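# Report on the structure
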Amino acid sequence: MKIKFPKTVRILSRTYEIGHVDKDGRNSLAYVNLREQYIFISQDMTKEEQLSSLLHEVLHIVYNVSGFDHISGPKDEESLVRLFEPGLFSFMKDNPKILRMFLHG
Ligand SMILES: [Zn+2]
């Protein structure tokens, strides 16, 4: 499904490009290349799956940019991202009024 994401997303003072081209050839449905600051989201998913995948990759960015990766390991990273992704997604999807409060105060 084609979703028109914004071209970029800002996270922790950094700008990441969002694209639908698997530049790294990872043959995965989604990933983030931290060095290139590129988030790949496959369009071979539903809209909800793509949005959830974007959130998933954002959480990977937070994990790494925060420096938590230095006191933890790769297994912990995926576990933590998978722990927070569905809860945050549900919170964001089911509470549009609160999200608007984040945007507009
Ligand atoms: Zn992951």
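Our subject is the structure that appears above.
Structural notes, computed from the coordinates. (Residues numbered from 1 in each chain as written. Predicted model: local features only at pLDDT ≥ 70, side-chain atom pairs only at ≥ 80, totals over all residues.)

## A few points about the overall build of the protein chain
For the protein chain, the count of helices and strands is three helices and four strands. For the protein chain, the sequential pattern of α-helices and β-strands runs β-β-β-β-α-α-α. Radius of gyration (C-alpha) of the protein chain: 14 Å, near the 13 Å computed for a compact globule of 105 residues. With respect to the three principal axes, the spread of C-alpha positions in the protein chain is 35 × 35 × 25 Å. The buried share of the protein chain, reckoned over its 105 residues, is 10%. At a minimum sequence separation of 6, the contacts of the protein chain that also span at least 24 residues come to 37%. (Helix = DSSP H or I, 4+ residues; strand = E, 2+ residues; numbered from the N terminus. Rg over C-alpha atoms; globule rule 2.2 N^0.38 Å. Buried ≥ 20, exposed ≤ 12 C-beta atoms within 10 Å, placed from the backbone. Contact = placed C-beta atoms within 7 Å.)

## Some thoughts on the environment of asparagine 64
Along the chain, asparagine 64 falls in helix α1 (residues 47-65). Each C-alpha atom of the pair asparagine 64 and glutamate 77 lies 8.6 Å from the other, and the pair is 13 residues apart in sequence. Not counting residues within four places of it along the chain, the set of residues in contact with asparagine 64 comprises Leu34 and Asp69.

## Things to note about helix α2 (residues 74-94)
End to end, α2 covers 30 Å across 21 residues, agreeing with the expected 30 Å (1.5 Å per residue, within 8%). At glutamate 85, α2 shows its largest kink, close to 25°, and the proline proline 86 lies no more than four residues downstream. (Expected span 1.5 Å × (residues − 1). Bend = angle between axes of the 7 residues up to and from the residue.)

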